[in-house]
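Each chain, written out:
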Amino acid sequence: MGIAIQGLSHVYMAGTPFEKIALSRVNMEVEEGAFAAVLGATGSGKSTLIQHIAGLLHPTEGTVRVFEAESGPETKKLGSLRRQVGVVFQYPEYQLFEETVAKDIAYGPRNQGLEEGEIEERVRQAMEWVGLPAELRERSPFHLSGGQMRRTAIAGVLAMKPKVLVLDEPTAGLDPAGQQELLNRIDDVHREQGMTVILVSHRMEEAVRYADTLFIMDQGRLVLSGPPSEVFSRREALSEWGLEAPAATQLAAVLSKHLEPGVPSDLLTVEA
Ligand code: ADP
């Protein structure tokens, strides 16, 4: 198993009047080498969930295991989790800072303590993966187009060759052709390297096109998971997933919130 999450809860600002339960007893398993998509409305807990996978938050309750690294409420250091997971946050280009594209991409591999030759090779390969022409190496990242800046930032994460790549709305703000090209390239790296990918998206169509497993979040709970065909069509699976009538109705509402043209709506008629 690549990722195994058990009984994960997260409470922000616990014990204050602003206390917020962002995740509630989430159980989730992602196979090594899978392409998973996490879907859900704003505030449903997607970002909190991926921060746990990336070792950026301590669980209030429950455990998160990513390959051999694990975190739980008692875990002090999350470094072993962080080393396995590369995260591309929303609008990652805002985090570019080096003088040249090559230096920016090299930053992560250099921190990993790799030798110069290996760093060079990682930079070359990562630029190729994201489709950045080699002649941009010595350019300032701040003189690139928006799409090229996004690719530079993603190349910097890929160059570390993480076992798990987490992408939070990576196509936000790109035009439709740019969106598709970026995800096609990420899909190629995923296949070529056997890299486990977790894509956070609010675009059902995008998720269905690339992901082999969908995870649907609603109000801090994981309400449904499975291959896209199952999520859309296996109504009988509702009882298998332990959903009762009210939950099924809610589920239909959750799914319809994400419904985009192209997904036949009759697949979403959920009756308990
Ligand atoms: P999503 O990524 O699906 O939009 P989040 O994980 O960001 O959801 O948020 C889940 C819930 O936790 C929301 O109600 C949000 O307002 C709340 N939340 C997120 N981050 C914080 C924080 N740092 N402090 C307090 N509440 C937070």
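These numbers come from a predicted model, not from an experiment. (Residues numbered from 1 in each chain as written. Predicted model: local features only at pLDDT ≥ 70, side-chain atom pairs only at ≥ 80, totals over all residues.)

## Some words on the site of the ligand
Thought 1: Taken together, Y12, M13, K20, A22, G40, T42, G43, S44, G45, K46, S47 and T48 make up the full set of residues adjacent to the ligand.
Thought 2: Mapped onto the shell around the ligand, the elements with two or more residues apiece are β2 (20–30) and α1 (46–53).
Thought 3: In terms of residue count, the dominant contributor to the shell around the ligand is α1 (three residues).
Thought 4: Class assignment for the residues of the shell around the ligand results in three nonpolar, seven polar and two charged. (Near = placed C-beta within 6 Å. Helix = DSSP H or I, 4+ residues; strand = E, 2+ residues; numbered from the N terminus. Nonpolar A, V, L, I, M, F, W, Y, C, P; charged D, E, K, R; others polar.)

## Regarding the nonpolar core
Thought 1: Membership of the largest hydrophobic core comes to 66 residues, with the highest contact counts inside it found for V38, I53, V166 and I198.
Thought 2: The residues touching I53, leaving out its near neighbours within four places in the chain, are I3, V64, V66, V85, V164, V166 and I198. (Core = buried A, V, L, I, M, F, W, Y, C linked by C-beta atoms within 7 Å. Buried ≥ 20, exposed ≤ 12 C-beta atoms within 10 Å, placed from the backbone. Contact = placed C-beta atoms within 7 Å.)

## Details of the confidence of the model for the protein
Thought 1: Averaged over all residues, the pLDDT of the protein equals 88, while 85% of them reach at least 70.
Thought 2: In this model, residues 235–246 is a region of pLDDT below 50 whose contacts with residues beyond four sequence positions or in other chains number twelve contacts.
Thought 3: For the stretch residues 263–272, pLDDT sits under 50, and the model shows 21 contacts to residues farther than four places along the chain or on other chains.
Thought 4: Both scores are given for the predicted complex: the pTM is 0.87, the ipTM 0.99. (pLDDT = per-residue confidence, 0-100.)

## Here we look at α1
Thought 1: Counted residue by residue, α1 has six buried out of eight residues, so it is predominantly covered.
Thought 2: Here α1 has its buried residues at K46, T48, L49, I50, H52 and I53.

## Points about the sheet that holds strand β6 (residues 85–88)
Thought 1: Taken in spatial order, the six strands line up as β6-β7-β8-β3-β9-β10 in an open sheet, and their pairing is mixed. Only two strands of the sheet have a single partner each, and these edge strands are β6 and β10 (221–226). With strand direction ignored, the average angle separating the axes of adjacent strands in the sheet is 20°.
Thought 2: Bridge analysis of strand β3 (residues 35–40) against strand β9 (residues 213–218) gives five bridges, and the strand direction is parallel. Counterpart to A37 in the pairing with β9 is L214.
Thought 3: Where α1 meets the sheet, its contacts fall on β3, β6, β7 (164–168), β8 (196–201) and β9, and the angle it forms with β7 comes to roughly 155°.
Thought 4: Packed on one face of the sheet, helix α5 (residues 146–158) meets β6 and β7 and runs near 170° to β6. (Pairing = 2+ DSSP bridges. Axes fitted to C-alpha atoms, helices over the stretch in contact; angles between N-to-C directions.)

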